[in-house]
Amino acid sequence: MRILFMGTPEFAVTSLRRLVKDGHTVCGVFTQPDKPKNRGHKLSFSPVKEYALTEKIPVYQPLSMRSSEALSLVRDLAPELIVVAAYGKILPEEILGVPHYGCINVHSSLLPKYRGAAPINWAILNGEKESGVSIMYMAKELDAGDVILQKSTPIGEEEDAQSLTARLADLGAGALSQAVASLADGTAARVPQDASLHTYAPMLGKEMSPIDWSRPAREIACQVRGLIPWPCASTDVISGEPMKLFFVREIGEETAAAPGSIIAAGKQGIDLACGDGKVLRVLELQAQGGKRMAAAAYLAGHPIQR
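Residues numbered from 1 in each chain as written. Predicted model: local features only at pLDDT ≥ 70, side-chain atom pairs only at ≥ 80, totals over all residues. Heavy atoms only, no water.

(A) Quick look at the overall build of the protein chain. The helix and strand tally for the protein chain stands at eight helices and 15 strands. Taken along its principal axes, the extent of the C-alpha atoms in the protein chain is 70 × 45 × 30 Å. Across the 306 residues that make up the protein chain, the buried fraction comes to 46%. For the protein chain, the share of sequence-separated contacts (at least 6 apart) that also reach a separation of at least 24 residues comes to 64%. Counting only carbon and sulfur atoms, one obtains 52% of the accessible surface of the protein chain, whose full area is about 14,900 Å². The positive charge centre, built from 32 side chains, and the negative charge centre, built from 33, are 5 Å apart in the protein chain. (Helix = DSSP H or I, 4+ residues; strand = E, 2+ residues; numbered from the N terminus. Buried < 20%, exposed > 50% of the residue type's maximum accessible area, 1.4 Å probe, protein only. Contact = heavy atoms within 4.5 Å. Areas by Shrake-Rupley, 256 points an atom, 1.4 Å probe, with all protein chains shown as cover. Lys, Arg positive; Asp, Glu negative; His and termini not counted. Charge placed at Lys NZ, Arg CZ, Asp CG, Glu CD.)

(B) Representation of unusual backbone geometry. Following isoleucine 228, the chain continues to proline 229 via a peptide bond in cis, the omega torsion being 10°. When you line up the elements, proline 229 lands in the loop between helix H7 (217–226) and strand E10 (233–235). The omega torsion of the bond from tryptophan 230 to proline 231 falls at 5°, within 30 degrees of zero and hence cis. Counting through the fold element by element, proline 231 comes out in the loop between H7 and E10.

(C) The nonpolar core, seen in detail. With 65 residues, the main nonpolar core has Phe5 and Ile104 as its most contacted residues. No other element matches the nine residues that helix H6 (residues 161–184) contributes to this core. In this structure, Cys27, Leu77, Tyr87 and Leu96 belong to the second largest nonpolar core, which totals 16 residues. (Core = buried A, V, L, I, M, F, W, Y, C linked by side-chain atoms within 4.5 Å.)

(D) Region of interest: the sheet that holds strand E1 (residues 2–7). Taking strand neighbours across the sheet as the criterion, the seven strands line up as E5-E2-E1-E6-E7-E8-E9 in an open arrangement whose pairing is mixed. Each edge of the open sheet carries a strand with a single partner, namely strand E5 (59–60) and strand E9 (147–154). Packing of H6 onto the sheet brings it into contact with E1, strand E6 (81–85), strand E7 (103–107), strand E8 (130–137) and E9, and relative to E9 it is tilted by some 150°. (Pairing = 2+ DSSP bridges. Axes fitted to C-alpha atoms, helices over the stretch in contact; angles between N-to-C directions.)

(E) Summary view of the packing of aromatic side chains. Under the definition given, this model contains one aromatic pair. Centre to centre, the rings of phenylalanine 30 and tyrosine 60 are 5.7 Å apart; their planes meet at 55°, and the pair counts as tilted. Taken together, the residues span a long stretch of sequence, with phenylalanine 30 in strand E2 (residues 25–30) and tyrosine 60 in strand E5 at a distance of 30 residues. Over the ring of tyrosine 51 we find arginine 17; its NZ or CZ atom is 5.1 Å from the centre of that ring. For arginine 190, the ring lying beneath its charged end belongs to tyrosine 137, and the centroid distance is 3.8 Å. (Phe/Tyr/Trp six-rings, centres within 6.5 Å; stacked < 30°, edge-to-face > 60°. Lys NZ or Arg CZ within 6 Å of the ring centre and 35° of its normal.)

(F) Helix H1 (residues 10–21), seen in detail. Along its twelve residues, H1 runs 17 Å from first to last C-alpha, staying within 8% of the 16 Å computed at 1.5 Å per residue. Of the residues making up H1, those classed as buried are Phe11, Ala12, Val13, Thr14, Ser15, Leu16 and Leu19. Next to the buried residues of H1 lie E1, E2, helix H2 (47–54), E6, E7 and H6. At the C-terminal side of H1, glycine 23 shows a positive phi close to 90°. (Expected span 1.5 Å × (residues − 1).)

(G) How the structure looks around the environment of arginine 292. The topology assignment puts arginine 292 in the loop between strand E14 (278–286) and strand E15 (293–294). Overall, the relative accessible area of 40% leaves arginine 292 in the partly exposed class. For the pair arginine 292 and glycine 28, spaced 264 residues apart in sequence, the C-alpha to C-alpha distance is 38 Å. Contact partners of arginine 292, with chain neighbours within four places excluded, come to Phe246, Glu284, Leu285 and Gln286. Within the local environment of arginine 292, its side chain forms a polar contact with the side chain of glutamate 284, the two groups lying 2.8 Å apart. (Polar contact = N/O pair within 3.5 Å; in protein donor to acceptor, adjacent residues only side chain to side chain.)

(H) The layout of surface pockets, seen in detail. Of the pockets and cavities examined, the second largest pocket occupies roughly 240 Å³. Lining the second largest pocket are 14 residues, with Pro231, Pro242, Met243, Lys244 and Gln288 positioned closest to its centre. Class assignment of the residues belonging to the lining of the second largest pocket gives a composition of six nonpolar, six polar and two charged. (1 Å grid on protein atoms, 1.4 Å probe; cavity = no way out; pocket = protein on both sides within 12 Å on 5 of 7 lines; lining within 4 Å. Points joined across faces, edges and corners; volume = space filled by probe spheres on them. Nonpolar A, V, L, I, M, F, W, Y, C, P; charged D, E, K, R; others polar.)

No statement about biological role is implied by the geometric values presented.
Set out below in structure tokens:
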């Protein structure tokens with residue numbers, strides 16, 4: 001099938017790679033414009049662009065999908081199908097109507113739950129036990145199109161958003177392959193979403209980082225896992241300066257200490273009191289200006305006097 005692919009991050013690369021492996025003709029790739037990176041402000045390519053160039057697939061980076069130029073380009077490429085995976089831009093109806101088979105999206109949630117920009121993070125932040133991917137037809141309303149198929153997977157007890165993203169990328173690529181084949185042979189399902197069950201997963205922000213230790217240990221653990229790799233949960237109760245937490249664990253102990261109090265600090269990690277009387281152990285952290293490291297390694301150079 002002749003496919004125009006639209007995507008930007010590493011999550012999308014996995015789906016694009018699968019389309020190439022399956023033998024489809026990827027007539028072009030749309031991805032976000034190059035952005036300055038690091039102190040030198042050298043322009044960096046998106047992961048999708050980097051992969052497309054290795055496969056000699058034409059790459060296009062329109063600033064807006066609502067321009068006449070973008071519409072003309074899509075028409076000139078004449079795709080039979082448009083596949084979108086974490087592109088980061090909304091497609092207008094004029095573009096949605098171009099391909100014979102329509103436009104489909106690889107969305108990393110079990111729709112209608114978690115429509116929006118950060119479904120993987122919010123599933124973990126909210127303590128969900130299950131996540132998955134949905135392959136759906138794109139519609140005017142965000143992530144509200146009919147579903148072709150879904151694949152689900154349990155969320156690990158200590159799994160963070162970064163590792164779950166990698167797993168869902170693989171799951172999504174397999175589901176996409178199946179969906180495209182069903183479109184080609186005319187067997188693709190079209191199941192409307194129950195709009196009454198929808199929830200949204202808005203973009204993350206730095207204001208979500210600070211930890212409120214008066215909350216239950218489980219909720220704080222979910223905050224830490226759900227905000228990796230960005231913006232990361234942070235706290236100043238360990239050193240007096242904000243530091244990022246990357247790995248924490250509920251250890252099943254109880255305490256009468258005030259929330260945010262350090263209960264113990266040693267080779268096993270740093271134990272902190274939470275609002276429900278439970279103890280959360282910090283196992284990996286990153287101090288300001290430092291590197292991510294084990295809490296025990298941090299304590300070796302920054303002992304906590306108690």
